[in-house]
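Below, each chain spelled out in residue letters.
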Protein chains: 4
Amino acid sequence: MGMVGGGEGAFIGPVHRMAAELDGEIELVCGAFASDPERSMRSGRDIYGLARERCYPDYEEMFAVEAARPPQAQMQFVVIATPNHIHYPVAKAALEAGFHVVCDKPVTHRLEEAEHLAELVSRSGLLFVLTHNYTGYPMVKEARNLVRSGAFGSIRRVVCEYLQGWLAEDVSNKQADWRTDPERAGVAGCFGDIGSHGENLLEYVTDLKIVELCADLSSFVPGRQLDDDGNVLLRFGSGAKGILFASQVAVGEENGLRLRVYGERGGLEWSQTEPNSLIVRWPDRPYEVRRTGGSGLSAAALNATRLPAGHPEGYLEAFAVLYRNFASALRATLSGTDPNPEMLDFPTIDDGVRGMRFISAVVTSSARGGQWMSL
Amino acid sequence: MGMVGGGEGAFIGPVHRMAAELDGEIELVCGAFASDPERSMRSGRDIYGLARERCYPDYEEMFAVEAARPPQAQMQFVVIATPNHIHYPVAKAALEAGFHVVCDKPVTHRLEEAEHLAELVSRSGLLFVLTHNYTGYPMVKEARNLVRSGAFGSIRRVVCEYLQGWLAEDVSNKQADWRTDPERAGVAGCFGDIGSHGENLLEYVTDLKIVELCADLSSFVPGRQLDDDGNVLLRFGSGAKGILFASQVAVGEENGLRLRVYGERGGLEWSQTEPNSLIVRWPDRPYEVRRTGGSGLSAAALNATRLPAGHPEGYLEAFAVLYRNFASALRATLSGTDPNPEMLDFPTIDDGVRGMRFISAVVTSSARGGQWMSL
Amino acid sequence: MGMVGGGEGAFIGPVHRMAAELDGEIELVCGAFASDPERSMRSGRDIYGLARERCYPDYEEMFAVEAARPPQAQMQFVVIATPNHIHYPVAKAALEAGFHVVCDKPVTHRLEEAEHLAELVSRSGLLFVLTHNYTGYPMVKEARNLVRSGAFGSIRRVVCEYLQGWLAEDVSNKQADWRTDPERAGVAGCFGDIGSHGENLLEYVTDLKIVELCADLSSFVPGRQLDDDGNVLLRFGSGAKGILFASQVAVGEENGLRLRVYGERGGLEWSQTEPNSLIVRWPDRPYEVRRTGGSGLSAAALNATRLPAGHPEGYLEAFAVLYRNFASALRATLSGTDPNPEMLDFPTIDDGVRGMRFISAVVTSSARGGQWMSL
Amino acid sequence: MGMVGGGEGAFIGPVHRMAAELDGEIELVCGAFASDPERSMRSGRDIYGLARERCYPDYEEMFAVEAARPPQAQMQFVVIATPNHIHYPVAKAALEAGFHVVCDKPVTHRLEEAEHLAELVSRSGLLFVLTHNYTGYPMVKEARNLVRSGAFGSIRRVVCEYLQGWLAEDVSNKQADWRTDPERAGVAGCFGDIGSHGENLLEYVTDLKIVELCADLSSFVPGRQLDDDGNVLLRFGSGAKGILFASQVAVGEENGLRLRVYGERGGLEWSQTEPNSLIVRWPDRPYEVRRTGGSGLSAAALNATRLPAGHPEGYLEAFAVLYRNFASALRATLSGTDPNPEMLDFPTIDDGVRGMRFISAVVTSSARGGQWMSL
């Protein structure tokens, strides 16, 4: 794989490298790691240990040079780990150059851009992975499988929350700066960065589709231009209801993505900070705690698990599940066979379009004082 | 004390008796326990061990007879433990007969009734306790004290939830029946029964006042006439935001009242099902867990604590804190002195009026499709 | 009931009063609360609100005067809430005066005294309750029932721990002083005070009998004459093995009594500080958490429960279960009928003798450098 | 690196590969993965994706061929991932061939073998890493740092437990078979496999040295030749006391390694199944929970952390910390400089010798009926 972005000071670049390589099927071979050519070179060498000739000054050159290499020696796909506003041009160029894409979320700056990428993907037949990485956890797979099995009956209500505290003050650093800058982050701050993870997770687990929402966003830190907190009421097509709230000013919270789902005959709860437990509730017997690698799990969960029960798997392992599923699909594609539908268990450009629609509706609803919007 | 309601099959009557008597300052001496005179007698004898002559066929007779007894031998106050729709006439009669009142929540059926009671209380100078019992927990006192101390700076966001699952199906029993019947429960089901506890708790802990809300209630169980679930967006006078969600169809949940508060420089989390822990979060150091009876607590918490750390106190003990504070205030009143302001730490008719206003706004907002309402 | 001990500054006296009276079946009517007559009077009046004539200067007088009262007007039983060294003479006198006894643990100073009391109880036909109060928790009843049901197969290993931290320094106060004084506490400190609770709990839940043990006690605080910490290896008659460790110098621990039991086909875990949960583990399915008042519980647990699920019951409620069972047995005895065996579910003088044997073996084993002892 | 063992059906081989490669500094280049040459080839190709010429039929040939390759093209060190009984001959051969070694624990079959390896290591100046991987967790580093800082005063008591349930029945599979076979596992079963991890962890965190112990081992599953459960009393040189218990028949337990340490002025608790939390207790203030990547941590913890707080790190990440520290030390060694002492933070052959001494004392103590042994 080749990487765009992810250079010095980046958090997500090394995460992509570790996650992609974890299962020994993917190797980082080249990259354009920074807008400054010198920093790109330095990052390639110091952080990723790459040879100088595979560190490119910019992504245009990388795509051109790599595409010209013999098939066996060229990168097979691009991972885009830049700030949000650069996702679109890079993804577009990659797809046009014939490369499969793995892209950070939110997929683009504006909804139209996402729709255009969807068109390009559809037309090209290339694979496009959107790294809503939290769907890679084994217990999230288990949760989804439980809902799909019908054990809970139809779903009635959902609670999804994502609480962080790291932007509670007016901090300035590489991570904070672009996320709070409308030029680089897009129309939403907290809801672009983490609210969209919540939306994706809840739709993934429940198969419900949000059809209406009412949002109330806030910017608590003085001078901040984008939302750093918000609450959203949700209505689903099925008649189910839900709530999604997210914050980056919830002091002391780390990375508190948490989902609760309640159906007619059962419910579940999962929390990202202790991701190896899934609480399952029933009307007429004690609640149970399903554990990664433990007894009584679905094939969906076991397929996403690498270690025996009690050997905690974490963020990188979940992230790597996306890459593993993608690698399987890619191998099938490269060998000309149809990928097994189970391999296709990763978020795609369609999730990206849906996420942009969600973000856009949230921002508009809030801007209108908390008016209900259709999605 | 004398009791109205709380007869055979009741849950809350014996709770009142145990809570009131726990500290050895109050004794149940008489009651009109049921609308049926025979059942009232039987309940008085079998459940409460009262002499026949202090078991009354109805509350009117009880008030008349007790008022006519010599001061030392008469009941000093009435506890009202009936279904909601009878709170108002009983409370009115009690106040008019000159008795102090302890009343279950929600205080009345309609807002106007609550306002009328407030007027009666104010005019009579009698004490009126509304049993929002969850405010009696030591760790709730600690939470309130922390917010008041200013340690968190100004409060930015609140999350309050109250999840139960016992009405997930169309059950029929004494407890369920009146709570789902508009005639007896009032305009709200879940939000009258438990949502109002949430509202009271969050305002008690934070001193914030809800000024606007947007509600989306549901009745998930077919045929149910009142809400059994709902989500509410909150705006406070200070600019803070919040969310309050409650359900009685959240399968497998027991009595999940939980509050989270985040300010500029700290936050807290408390859960009623494990009520002896209070999580306190800070921006720059590990989170801490304050424990009932433990080290480093405020006088407010210690005053509400009966046992050393590690000897769990529960629902009855918290309920009894209301009675203990009320008993202190009552003793002061009876002895003609002004009650110490700290003794007055219990919910009053003002909380009742406020709760009715909240319930009314929630129901109206939801009925209008989720429109914002001022409170 | 009448009380001996439990006067000013006492922790356990008011606990007995609240626990005994919780269910409305028992009332404290008299007491000899302190060795100093004046303090006894004052305690009776100020703490317990008793009339002067029922506050006695000493227990001898109380037993004589109360025994001379007409049957309906006399106390029915005595609760002994003194430091350990006075248990024996008071219990002996009470039994000889024909009163049933409720006594704190450890039952006596020396094993021979306990054996003598057992003889007196047996001869007199009087009831004797030893307040190993932790066996009163609903989830302890559930645990015991689970083991007895055979669901786990035969038990293989037990882990029981009891960790406190309040004696980590050389504190001096009423509670600490007598517990660290061999004259008043007996041959053991930590193991007399809390280790014996552990022994009782584990034998109660598992029905196993300790037959051999090897103990290593310590006195960590300089100058302390009795053990404040210790570890004990256990062997049971059935071939099962176990471990019991206790400490009063485990800094920061509150009252951490915790039991884990593992059988051939299942296991359980219970912790006193969160007493309303019982974790049950199985070989081939997710672990489950049974909750006080919740679904799927045994009659044994439900009988010990007063409130619906999610309304936490605590230390006082569990303590009160002993009193409630005792009250049932007492009523049967007083009415001349045989008490139902289920009513007899409380620790008796036999537990007291067994506890003294345990303490004695632990102290001897440790004194001999950690030699194995038979029990 | 080259690997010996870790072929088809192995759990630990792929763990080594993932852990070693996680930080992008080490690459698996060759191996002798199984005693059967054909299986070795197949494993190298299918599991690790290696070229045929780097998959060797046996370790002797691998060492010979690799040593003959030019320095840049040869493997730099060997990882030994075989059953216990083959550790010694492979490690001996590797050291004699001049290769650094990474070896699974317990290091050898018999104590004398471990001592001989220690001699070889010392004589050769080669690096030797023993994969007591649990010491790699950031919160274990934090725990150790806290104890070393003196914040707790001197340590008084330690509780270390390691509970698993997977051998509760007489299972037969690749993992279970060799662990229960004295020929392959050595003199101890449970205590060789996991008890020794406990010993290493507690000595690592506390810097205490076990000087005496008294052990009571059991083999609960009929027909099992080695211990599957055991309890050990510990005495440390400093006067501190402790307890170590381990089981592989604790039904339903996963991989429950847990450590509690109590000093004069503080204590801590860490559990491997939720490894990102460290509970720290103080005598006079609420307990705190330190979290991986969170606020207020030592450099020791932060150095072992790859992700921001709330992004859970697990078993592989901790394992990879050993490899990372080893890689730093190796780089220093290869470049002829003295490794920085902080890089040397990994278990070595000395831990191996100490572990063998511990295992040997435990087995002997138990065989003598639970007699105290010096270490």
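Because the structure is a prediction, the values reported are computed rather than measured. (Residues numbered from 1 in each chain as written. Chains lettered and ligands numbered in written order. Predicted model: local features only at pLDDT ≥ 70, side-chain atom pairs only at ≥ 80, totals over all residues.)

## Topic: the pairing of strand β7 (residues 210–218) of chain A
Residues and elements named next belong to chain A.
Reasoning step 1: Burial analysis of β7 places seven of its nine residues in the buried class, the great majority of the element.
Reasoning step 2: Bridge count for β7 against strand β8 (residues 229–236) is eight bridges, and the pairing is antiparallel. Pairing of D216 across the sheet is with N231, part of β8.
Reasoning step 3: With three bridges joining them, β7 and strand β14 (residues 372–374) adopt antiparallel strand pairing. Paired with C214 across the two strands is W372, which belongs to β14. (Buried ≥ 20, exposed ≤ 12 C-beta atoms within 10 Å, placed from the backbone. Helix = DSSP H or I, 4+ residues; strand = E, 2+ residues; numbered from the N terminus. Pairing = 2+ DSSP bridges.)

## Describing the confidence of the model for chain A
Reasoning step 1: Mean pLDDT over chain A stands at 95; residues scoring 70 or higher make up 100%.
Reasoning step 2: For this predicted complex, the interface confidence score (ipTM) comes to 0.95, while the overall pTM stands at 0.96. (pLDDT = per-residue confidence, 0-100.)

## Thoughts on the interface of chain B and chain A
Reasoning step 1: With 32 residues of chain B at the interface, the matching set in chain A holds 32 residues.
Reasoning step 2: The set of elements that each furnish at least two residues to the side of chain B that touches chain A consists of β6 (155–163), β7 (210–218), β8 (229–236), β9 (241–247) and β10 (256–263) of chain B.
Reasoning step 3: Examining the composition of the side of chain B that touches chain A, we find that four residues originate from one element, β9 of chain B, more than from any other. (Contact = placed C-beta atoms within 7 Å.)

## Looking at the sheet that holds strand β4 (residues 100–103) of chain D
Consider a sheet: its strands pair through backbone hydrogen bonds, and that pairing is either parallel or antiparallel.
Residue and element names in this part refer to chain D.
Reasoning step 1: Strand order in this open sheet of five strands is β2-β1-β3-β4-β5, and the pairing throughout is parallel. If you trace the sheet from one side to the other, it starts and ends with β2 (30–32) and β5 (128–130), each paired once. For this sheet, the mean angle separating the axes of adjacent strands, direction not counted, is 15 degrees. (Axes fitted to C-alpha atoms, helices over the stretch in contact; angles between N-to-C directions.)

## Side note on the pairing of strand β12 (residues 277–281) of chain C
When a strand is regular, its side chains alternate between the sheet's two faces.
Residues and elements named next belong to chain C.
Reasoning step 1: With four bridges connecting them, strand β11 (residues 267–271) and β12 associate as antiparallel partners. For W270, the partnering residue across the bridge sits in β12 and is L278.
Reasoning step 2: Where β11 folds back onto β12 in an antiparallel hairpin, the turn is made up of five residues.
Reasoning step 3: Connecting β12 to the next strand, strand β13 (residues 287–291), in antiparallel fashion are five residues.

## Let's talk about the relation of the copies chain A and chain D
In summary, the two copies of the chain are related to each other by a rotation about an axis coupled with a shift along it.
Reasoning step 1: Of the transformation superimposing chain A on chain D, the axial component is 0.0 Å and the angular component is 180 degrees, with the fit at an RMSD of 0.0 Å. Overall, the copies show the geometry of a two-fold rotation axis. Across chain A, the rotation axis passes nearest the C-alpha of G314 of chain A, at a separation of 2.6 Å.
Reasoning step 2: Both copies contact each other with a shared surface, as 100% of the interface residues of chain A are interface residues in chain D too. (Least-squares fit on C-alpha atoms with pLDDT ≥ 70 in both.)

## Describing the packing of helix α1 (residues 12–21) of chain D against helix α11 (residues 315–334) of chain D
All names here are of chain D.
Reasoning step 1: Running from amino to carboxyl end, α1 crosses α11 at an angle of 65 degrees, the nearest separation of the two axes being 8 Å. The angle between α1 and α11 falls in the class roughly perpendicular. Between α1 and α11 lies a crossing whose hand is right-handed. Residues V15, M18, A19 and A20 of α1 form the contact with α11, whose own contacting residues are L316, F319, A320 and Y323.
Reasoning step 2: Here the contact of α1 with α11 is built from residues that sort into eight nonpolar, no polar and no charged. (Parallel < 35°, antiparallel > 145°, perpendicular 65-115°, else oblique. Left-handed = near helix turned anticlockwise from the far one by under 90°. Nonpolar A, V, L, I, M, F, W, Y, C, P; charged D, E, K, R; others polar.)

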